[in-house]
Amino acid sequence: MKSLFSILLTICSTFVFAQNTSYTISFENAGHHEATIEIAYTHLKDTSLVVQMSRTSPGRYAIHDFAKNVYHVKAYNSKGEPLHINRINPQAWEIQNHDGAVTVSYTLFADRADGTYSQIDETHAHLNIPATFMFAPSLSDKPMEITFMPRADLNWKIATQLPLKEATTYRAPNLQYFMDSPTELSNHSTRSFEVKGQEIEFVLHHDGSEKMLDTYFEKVKKIVLAEEAVYGELPTFDYGKYTFLACYLNHVSGDGMEHRNSTILTDKEGLSEGGMEGNIGTVSHEFFHAWNVERIRPAALEPFDFEDANMSGALWFAEGFTSYYTNLILCRAGLITPEAYVSGLNGTFNYVWNSPARQFFNPIEMSFQAPFVDAASSIDPVNRDNTFISYYSYGSVLGLALDLSLRQKGLDLDTYMKQVWATYGKTEIPYTIKDLNAVLNAYAGTDFGDGFFNTYIYKSEMPDYKTLFETVGLTIEQDSKKKYIGASFNNNLVSRNTKIGTPAYQAGLEKGDEIISVNGIKPRGNQYNRKSYEWFKNWGFKDDILKKQENKRDRGDVSGRP
């Protein structure tokens, strides 16, 4: 993103010119989740001005169509006279015949706090910029100012990666930086420390005590330093500061979202309600993105498109390798034990290893699925249980395999990541998958590098984990005593698509089937629940299952857990 964000050398000269775009946002009706927004455009050269809401949000890859929460749109010229507005598509409004200046006003409804959407109430204004503000595409490269009007009666303060101009007015050098700058207005608490001349700030909006925040912040500091050690240095943050924007309240939605000089952290669990341990993994994951994805940047995501889905085949690396480091960093920082780290590998490993989806897509193609699965919504049924493996998980187990494989050669993944950082991150040259392959070839040899990419990235084969684990004193084995069905149940109903190749799939069970009897024995109440397989484990279904949906019988044999 160098072309969009290399602003430090020009920032002083940029803002001396006439300001084209000035935003003001206020929250008089916060109790009903509304904000009032005004945008003043000046020095307009064209007779027509198009403004629109974004359809996407940085760090997300799917379409979200934020315009659905915008209404009461008005436009005026410099004399305060109303201007005609033409709605040219679901996201955009055209204003013609102005006098070189246009003021646009509208109301925003916002009631979801996470890494994508905004929430406004009398506890806070949690603002993701694409979900909040219109923009003029023709002015995307121009600087802008944003004045926030915090509720003084609620003791709101402002936290953001945007640089402060004065009072409550902030600035952005261009649209890309503005859209990438989430902002929290609330009665929050702040902690900070300095690392080699740069400030690391942790902002927390929660119901807990200051003492709890002090304890949690010590953990945050350990994570920052452990991740700095991976790359050998912190990124150079654009304004000398990186800000964690954390909101741990019971009415927010759990999420984490990386940005160039900040990150959003949201969770329902407060620090006294399990969040002290449960939320810290998101801190680890999101701060690692300050290197991997924000500056070590896939070429396919440059520039970020606010009008269409953003697709990249490199998410197995950008998200997946970051996921590999998430718990590894916690272990290195002493926040979890080595035993807890190893135990935590089981779920992800089994999910990837046992999925039938690898027969359909390799890691690159799994990454291409992001616009359909990354907080995307649809109403038609899909077969993701059989066709999709999360690129977070897939990339995580491949990162583990690459690390263990490199260690057999006296090398390690940390050094590979340092070399990727030096070549493409620190220089902010967007990379391709071929570039990642080339760096691995230079580091570990062409045979090794090409072998890894040709076998596990361009194809979907699995590394020899049994041998790799043995090199570090670990063993993997099948638990043949536990019976495996391949179906999930809820109140005697099959609740998900059955997995290809499993006993349930072979027996013809489908999502929505109701289990009436097994081997002639009727279930007792809601015997078949989502994770309750005792009936099948104890009895199997070597004879018949009677399904209500089609009133037919199916046969199948339970098997050992794969």
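Residues numbered from 1 in each chain as written. Predicted model: local features only at pLDDT ≥ 70, side-chain atom pairs only at ≥ 80, totals over all residues. Heavy atoms only, no water.

**Focus: the overall build of the protein chain**
Applicable threshold: A helix here means a DSSP run of H or I that spans at least four residues, while a strand means a run of E at least two residues long, and both kinds are numbered starting from the N terminus. Each residue is assigned to one of three classes by its accessible area relative to the maximum for its type, calculated with a 1.4 Å probe on protein chains only: buried under 20%, partly exposed between the two thresholds, exposed over 50%. Contacts are assigned to residue pairs with any non-hydrogen atoms lying within 4.5 Å of each other. Accessible surface area values rest on a Shrake-Rupley calculation with a 1.4 Å probe, where residue burial reflects the displayed protein chains alone.
Scanning the protein chain from terminus to terminus reveals 18 helices and 26 strands. Within the protein chain, buried positions represent 56% of all 562 residues. In the protein chain, the share of contacts with a sequence separation of at least 24, taken over all contacts with a separation of at least 6, comes to 68%. Taken as a whole, the protein chain presents about 24000 Å² of accessible surface, with 49% of it coming from carbon and sulfur.

**Quick look at the pattern of salt bridges**
How we decide: Whenever a carboxyl oxygen of Asp or Glu lies within 4 Å of a side-chain nitrogen of Lys or Arg, that contact is scored as a salt bridge.
Applying the stated criterion across every chain yields a total of 21 salt bridges. Among the salt bridges present, the one from Arg-60 reaches Asp-255, with a minimum N-O distance of 2.5 Å. Residue Arg-60 is located in the loop between β3 (48-52) and β4 (70-76), and its partner Asp-255 is located in strand β18 (residues 255-258); the two are separated by 195 residues in the primary sequence. By relative accessible area, Arg-60 is classed as buried at 9%. In this structure, the salt-bridge partner of Asp-153 is Arg-151, at a minimum N-O distance of 2.9 Å. Looking at Arg-151, the relative accessible area reads 15%, which means it is buried. What you see here is one network of salt bridges that share partners, running through Arg-60, Asp-255 and Asp-374.

**A word on helix α13 (residues 413-425)**
Under the convention used in this document: A helix is expected to reach a length of 1.5 Å times the quantity of its residues less one. The directions considered for the arc run from the helix axis to the C-beta atoms. Within 3.5 Å is the distance limit for a polar contact, defined as a pair of N or O atoms, with the added protein rule that one can donate a hydrogen and the other accept it, and that residues adjacent in sequence qualify only through two side-chain atoms.
For α13, which comprises 13 residues, the first-to-last C-alpha distance of 16 Å sits more than 12% below the rise-based estimate of 18 Å (1.5 Å per residue). Leu-413, Asp-414, Tyr-416, Met-417, Val-420, Trp-421, Tyr-424 and Gly-425 are the residues of α13 that are buried. Seen from one end, α13 has its buried residues packed into an arc of 160°, which puts them on one side. The N-terminus of α13 is capped by Asp-412, whose side-chain oxygen sits 3.1 Å from the backbone nitrogen of Asp-414.

**What about the nonpolar core?**
Heads up, the condition is: We call a set of buried residues a nonpolar core when its members are Ala, Val, Leu, Ile, Met, Phe, Trp, Tyr or Cys and they connect through side-chain atoms within 4.5 Å of each other.
Ile-200, Phe-202, Phe-244, Phe-317, Leu-406 and Tyr-416 are the most contacted members of the largest nonpolar core, which has 88 residues in total. A total of 11 residues in this core trace back to one element, the largest contributor, which is helix α7 (residues 315-332). With residues up to four places along the chain from it excluded, the contact list for Tyr-416 reads Phe-317, Leu-402, Leu-406, Leu-436, Val-439, Leu-440, Tyr-443 and Phe-453.

**Quick notes on the sheet that holds strand β19 (residues 262-267)**
Paired through their backbone hydrogen bonds, the strands of a sheet run either parallel or antiparallel. Keep this limit in mind: Strands are treated as partners if at least two bridges between them are detected by DSSP. Between N-to-C directions, angles cover 0 to 180 degrees, with each direction set by a line fitted to C-alpha atoms, over the stretch in contact for helices.
Reading across from one edge, β15-β16-β17-β19-β18 is the order of the five strands in this open sheet, with mixed pairing throughout. The two strands at the open ends of the sheet, each matched to only one other strand, are β15 (189-195) and β18. Averaged over all pairs of adjacent strands, the angle between their axes in this sheet comes to 10°, without regard to strand direction. With six bridges joining them, strand β17 (residues 241-248) and β19 adopt parallel strand pairing. Within β19, the position partnered with Phe-244 by the bridge is Thr-263.

**Some points on empty space enclosed by the protein**
Just so we agree on the cut-off: Throughout, the protein atoms alone are placed on a 1 Å grid, and a set of points is a cavity if a 1.4 Å probe fits but cannot get out or a pocket if it is open with protein on both sides within 12 Å along at least five of seven lines; lining residues have an atom within 4 Å of a point. Grid points are joined across faces, edges and corners, and a volume is the space filled by probe spheres set on the points. Three residue categories are used. Nonpolar comprises Ala, Val, Leu, Ile, Met, Phe, Trp, Tyr, Cys and Pro, charged comprises Asp, Glu, Lys and Arg, and polar comprises the others, including Gly.
Within this structure, the stated rule accounts for three cavities of 30 Å³ or more. Volume-wise, the second largest cavity comes out at about 50 Å³. Lining the second largest cavity, in full, are Thr-21, Tyr-23, Tyr-41, Phe-135, Ala-136, Leu-139, Ser-140, Met-144 and Leu-175. Each residue belonging to the lining of the second largest cavity can be placed in one class, and the counts come to seven nonpolar, two polar and no charged.

**Description of the environment of Ile-39**
For Ile-39, the location among the structural elements is in strand β2 (residues 34-41). Separated by 16 residues in sequence, Ile-39 and Tyr-23 place their C-alpha atoms 4.5 Å apart. In this structure, Ile-39 is in contact with Thr-21, Ser-22, Tyr-23, Val-102, Thr-103, Val-104, Tyr-106 and Met-134, ignoring residues within four places of it in sequence.

**Quick word on the packing of helix α14 (residues 433-444) against helix α15 (residues 446-457)**
The following threshold applies: We call a crossing left-handed when the near helix sits turned anticlockwise from the far one by less than a right angle, and right-handed when that turn is clockwise.
As a packed pair, α14 and α15 sit with axes 6 Å apart at the nearest point and diverge in direction by 145°. Of the two possible hands of crossing, α14 and α15 adopt the one that is right-handed. Counted together, Ile-433, Leu-436, Asn-437, Leu-440, Asn-441 and Ala-444 of α14 and Thr-446, Phe-448, Gly-449, Asp-450, Phe-452, Phe-453 and Ile-457 of α15 form the full contact between these two elements. Of the residues assigned to the contact of α14 with α15, the class counts are eight nonpolar, four polar and one charged.

**Focus: the sheet that holds strand β5 (residues 85-89)**
With respect to topology, three strands assemble into an open sheet ordered β3-β6-β5, the strand pairing being antiparallel. Every interior strand has two partners, whereas the edge strands, β3 and β5, have only one. On average, each strand axis in the sheet is tilted by 30° relative to the strand beside it, whichever way the strands run. Both β5 and strand β6 (residues 92-96) contribute to a ladder of four bridges, which runs antiparallel. For Asn-86, the partnering residue across the bridge sits in β6 and is Glu-94.

**Quick look at the side chain of Ser-460**
Residue placement: Ser-460 occurs in the loop between α15 and α16 (465-470). At a separation of 2.7 Å, a polar atom in the side chain of Ser-460 contacts the main-chain carbonyl oxygen of Arg-358. Setting aside residues up to four positions removed in sequence, Ser-460 forms contacts with Arg-358, Phe-361, Asn-362, Tyr-394 and Thr-455.

**Some thoughts on the pairing of β15**
The two faces of β15 differ: Ser-189, Arg-191, Phe-193 and Val-195 on one face are buried, but Thr-190, Ser-192 and Glu-194 on the other face are not. In sequence, β15 turns back onto strand β16 (residues 198-206) through a hairpin of two residues, with Lys-196 there showing a positive phi of about 50°.

**Some details on the packing of α13 against α14**
Worth spelling out the cut-off: Roughly parallel means an angle under 35 degrees; roughly antiparallel means over 145; roughly perpendicular covers 65 to 115; every other angle is labelled oblique.
Following both chains from N to C, one finds α13 and α14 inclined at 125°, their axes separated by 10 Å at the closest point. The pairing of α13 with α14 is recorded here as oblique in orientation. Where α13 crosses over α14, the handedness of that crossing is right-handed. Counted together, Thr-415, Tyr-416, Gln-419, Val-420 and Tyr-424 of α13 and Asp-435, Leu-436, Val-439, Leu-440 and Tyr-443 of α14 form the full contact between these two elements. Looking at the contact of α13 with α14 residue by residue, the class counts come to seven nonpolar, two polar and one charged.

**Brief notes about the pairing of β17**
Regular strands have side chains that alternate between both faces of the sheet. Selection criterion: When the strands point away from the viewer and the connection leading from the first strand across the helix to the second strand turns clockwise, the crossover is called right-handed.
With respect to burial, β17 is a largely interior element, seven of its eight residues being buried. Summarising the sheet, β16 and β17 pair through eight bridges and their orientation is parallel. Of the residues in β17, the one forming a bridge with His-206 is Tyr-248. Regarding topology, helix α4 (residues 210-231) serves as the crossover connection from β16 to the parallel β17, and that connection is left-handed.

**What to know about the side chain of Ser-393**
Of note, Ser-393 is situated in helix α12 (residues 391-407). Judged by its relative accessible area of 15%, Ser-393 falls in the buried class. Ignoring sequence-local partners within four residues, the contact set of Ser-393 consists of Thr-348, Tyr-351 and Val-352.

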